[in-house]
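Topology and contacts: notes
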Amino acid sequence: MLVAAVAAAALDPVLAAAVGDRVEWRDVTLLDGRTLPATALAGRVVVVEIWASWCPFCKRQNPVLQQVYDAHGGRDLEFLTFSIDREPAKARAYMAEHK
């Protein structure tokens, strides 16, 4: 699942969650315009990634995350990735190019 989000508060170290913390999710708008309800993530282990279309590290990491998702996702393990691209169209184009 990919989400276009630009939220400075989410990156604020004072508000950041530590590994193993429980997080109260909110509904999230996906790149395709659908809404992912917070209830869909309740009780699941969620891997969160912050990425950008211009990030060379992300371009190397994303295929590895996809492999892990393909092997384990959907069985109480979910991946939620947030693009920090300022323009959602750039994130959508990246996703279309790297299916």
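Residues numbered from 1 in each chain as written. Predicted model: local features only at pLDDT ≥ 70, side-chain atom pairs only at ≥ 80, totals over all residues. Heavy atoms only, no water.

**What about the pairing of strand E5 (residues 77-83)?**
- Of all 7 residues making up E5, 7 are buried, and the element is well covered by its neighbours.
- By the alternation rule, side chains of E5 split into Leu-77, Phe-79, Thr-81 and Ser-83 and Glu-78, Leu-80 and Phe-82, which are all buried.
- Bridging between strand E4 (residues 45-51) and E5 involves 7 bridges; their strand directions are parallel. Paired with Val-46 across the two strands is Glu-78, which belongs to E5. (Buried < 20%, exposed > 50% of the residue type's maximum accessible area, 1.4 Å probe, protein only. Helix = DSSP H or I, 4+ residues; strand = E, 2+ residues; numbered from the N terminus. Pairing = 2+ DSSP bridges.)

**Concerning the pattern of salt bridges**
- One pass over the structure, following the stated rule, counts 2 salt bridges.
- Two residues, Arg-34 and Asp-32, come together in a salt bridge whose shortest N-O distance is 2.6 Å.
- Given a relative accessible area of 52%, Arg-34 falls into the exposed group.
- With a relative accessible area of 52%, Asp-32 lands in the exposed category.
- For Glu-78, the salt bridge is made with Arg-44, and the minimal N-O distance between the two is 3.5 Å. One end of the pair, Glu-78, is in strand E5; the other, Arg-44, is in the loop between strand E3 (35-36) and E4, with 34 residues separating them in the sequence. (Salt bridge = Lys/Arg side-chain N within 4 Å of Asp/Glu carboxyl O.)

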